[in-house]
Amino acid sequence: MRQRLAVLPDKTIVIFLSFNIDRTGKAYISTDVLPQLAQSCSAPIYALNETYFGSGIVGGRLLSYEAVGFSAAEIGVRILAGESVQSIPPQTVPSRHHG
């Protein structure tokens, strides 16, 4: 994969989602793999969440799992306080800008 990433065409970007297992069945941790891929990659790498920020992606608007957790906790507190689940509208969690 690193060889292919090294020779990408001009005006190419890479969107990194995750890398958990290779074709031989060996398991990996995505945050350990990403820096190695970034060193070989001839194109900028983007990701969707801030877990990968600082591991070789270029930055940008990234989903914060911390913000999702806080939002879920706030909703949970409301429900535990007796608020009806049906009365709570769908929530959005703003992304954070990095880079």
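Presented here is a report on the structure given in the accompanying data block. (Residues numbered from 1 in each chain as written. Predicted model: local features only at pLDDT ≥ 70, side-chain atom pairs only at ≥ 80, totals over all residues. Heavy atoms only, no water.)

Notes on the packing of aromatic side chains
When we look at a pair of aromatic rings, we describe it by the centre distance and by the angle of the planes. On inspection of all chains with the given rule, the structure shows two aromatic pairs. Relative to Tyr 52, the ring of Phe 16 has its centre 5.0 Å away and its plane inclined at 90°; by these criteria the two rings are edge-to-face. Of the two residues, Phe 16 is situated in strand 1 (residues 14-16) and Tyr 52 in the loop between strand 2 (45-47) and strand 3 (60-62); the sequence distance between them amounts to 36 residues. Taking the relative accessible area as the measure of exposure, Tyr 52 reaches 7% and is therefore buried. (Phe/Tyr/Trp six-rings, centres within 6.5 Å; stacked < 30°, edge-to-face > 60°. Helix = DSSP H or I, 4+ residues; strand = E, 2+ residues; numbered from the N terminus. Buried < 20%, exposed > 50% of the residue type's maximum accessible area, 1.4 Å probe, protein only.)

Side note on the pattern of salt bridges
A full pass over the atoms with the stated rule returns three salt bridges. A salt bridge links Arg 96 to Glu 50; its shortest N-O distance comes to 3.4 Å. Of the two residues, Arg 96 is situated in strand 4 (residues 96-98) and Glu 50 in the loop between strand 2 and strand 3; the sequence distance between them amounts to 46 residues. Classification of Arg 96 as partly exposed rests on a relative accessible area of 32%. Glu 66 serves as the salt-bridge partner of Arg 96, at 3.4 Å between the closest nitrogen and oxygen. In this pair, Arg 96 sits in strand 4 while Glu 66 sits in helix 3 (residues 65-80), placing the two residues 30 residues apart along the sequence. Beyond isolated ion pairs, a larger network of salt bridges with shared partners links Glu 50, Glu 66 and Arg 96. (Salt bridge = Lys/Arg side-chain N within 4 Å of Asp/Glu carboxyl O.)

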